[in-house]
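So the chains spell out like this:
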Amino acid sequence: MFIATKSISVQDETFILTNQRALFWEREKALILSDLHIGKTAHFRKNGIALANHIMKSDLERLSALIEFFQPEKFIVVGDLLHAGDNSDVDEFCTWKNQYTDIQFYLIEGNHDRISKALEKKLCFQHKSEWLEIDVITFIHDFDTARPEFQITGHIHPGIVLNSAVKNIRLPCFALSSNQLLLPAFSEFTGLDTKNLPKNSTFFVFTDAEIYEV
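Residues numbered from 1 in each chain as written. Predicted model: local features only at pLDDT ≥ 70, side-chain atom pairs only at ≥ 80, totals over all residues. Heavy atoms only, no water.

S.K.: Help me out: how do you make sense of the overall build of the protein in this one?
M.R.: Of regular secondary structure, the protein possesses four helices and 15 strands. Within the protein, the fraction of its 214 residues that count as buried is 52%. Counted over contacts in the protein with a minimum sequence separation of 6, partners at least 24 positions apart contribute 66%. Put simply, the protein shows about 10300 Å² of open surface, and 48% of that area lies on carbon and sulfur atoms. (Helix = DSSP H or I, 4+ residues; strand = E, 2+ residues; numbered from the N terminus. Buried < 20%, exposed > 50% of the residue type's maximum accessible area, 1.4 Å probe, protein only. Contact = heavy atoms within 4.5 Å. Areas by Shrake-Rupley, 256 points an atom, 1.4 Å probe, with all protein chains shown as cover.)

S.K.: Could you clarify how one ought to interpret the side chain of Arg147 in this entry?
M.R.: Looking at the secondary structure, you find Arg147 in the loop between strand 9 (137–140) and strand 10 (150–153). Once residues within four sequence positions are removed from consideration, Arg147 is found in contact with Trp131, Glu133, Thr138 and Ile140.

S.K.: Looking at this model, I keep getting lost on the pairing of strand 12 (residues 168–176). Mind explaining?
M.R.: A regular strand places its side chains on the two faces of the sheet in alternate fashion. Inspection of the sheet shows strand 11 (residues 159–163) paired to strand 12 by five bridges, in the antiparallel sense. Within the sheet, the bridge partner assigned to Gly159 lies in strand 12 and is Pro172. Sheet analysis places strand 12 next to strand 14 (residues 202–206), joined by four bridges and oriented antiparallel. Considered in strand 14, the bridge of Cys173 is made with Val205. Hairpin connection between strand 12 and strand 13 (residues 180–182): a loop of three residues separates the two successive antiparallel strands. (Pairing = 2+ DSSP bridges.)

S.K.: What is the right way to read the side chain of Asn19 from this model?
M.R.: Turning to its location among the elements, Asn19 is positioned in the loop between strand 2 (13–18) and strand 3 (23–25). For Asn19, a relative accessible area of 4% gives the class buried. Engagement of the side chain of Asn19 in a polar contact is seen with the backbone oxygen of Phe2, the distance being 3.2 Å. There is a polar contact of 2.9 Å between the side chain of Asn19 and the backbone oxygen of Asp208. Discounting residues that sit within four places of it in the chain, Asn19 has contacts with Phe2, Ile3, Ala4, Phe206, Thr207, Asp208, Ala209, Glu210 and Ile211. (Polar contact = N/O pair within 3.5 Å; in protein donor to acceptor, adjacent residues only side chain to side chain.)

Shape descriptors only; they carry no functional weight alone.
Structure (structure tokens):
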């Protein structure tokens, strides 16, 4: 796995975007991502749709590589950590997470994060809330038009279409506007929304090999 990076300035803070569907906030030493949808493959299997478990394993392997690369002190998930409550995939995630007891784990609750008290205890959050404010940045799963501050969000699973002479290519992206940084879905087992993107945005598109502005 190759980690390509691109530094951007947001609210006078330096963030490092990656082609591995996450970003790093330098000053806070925070690895930030959204929409892992842990448990999605197990949920499909439970409902009779045969899916290999390697999809989630690949997501966790990418997470481990990012942690090794950036050495974060904070791990911020901007919503939809889970997909459908508790299942066998969640057990595997908890086993993976227990390797990193020195990292503070923050969850901003998303629309899929239906977490019982028992499941919350199992997941061992240090912090869980509907939004998180760190200085001039607010982390919230879905953009809130009533909030005046700059927001880092998820939920949309953004992607754009690049036109070529041969075919149109759909790629995931980050979208940066004057008041929002929209994150791609971290899980590769998600669709792309190429229509409901923030207006007047700069897009940072990525592949397995690179990340670049369009």
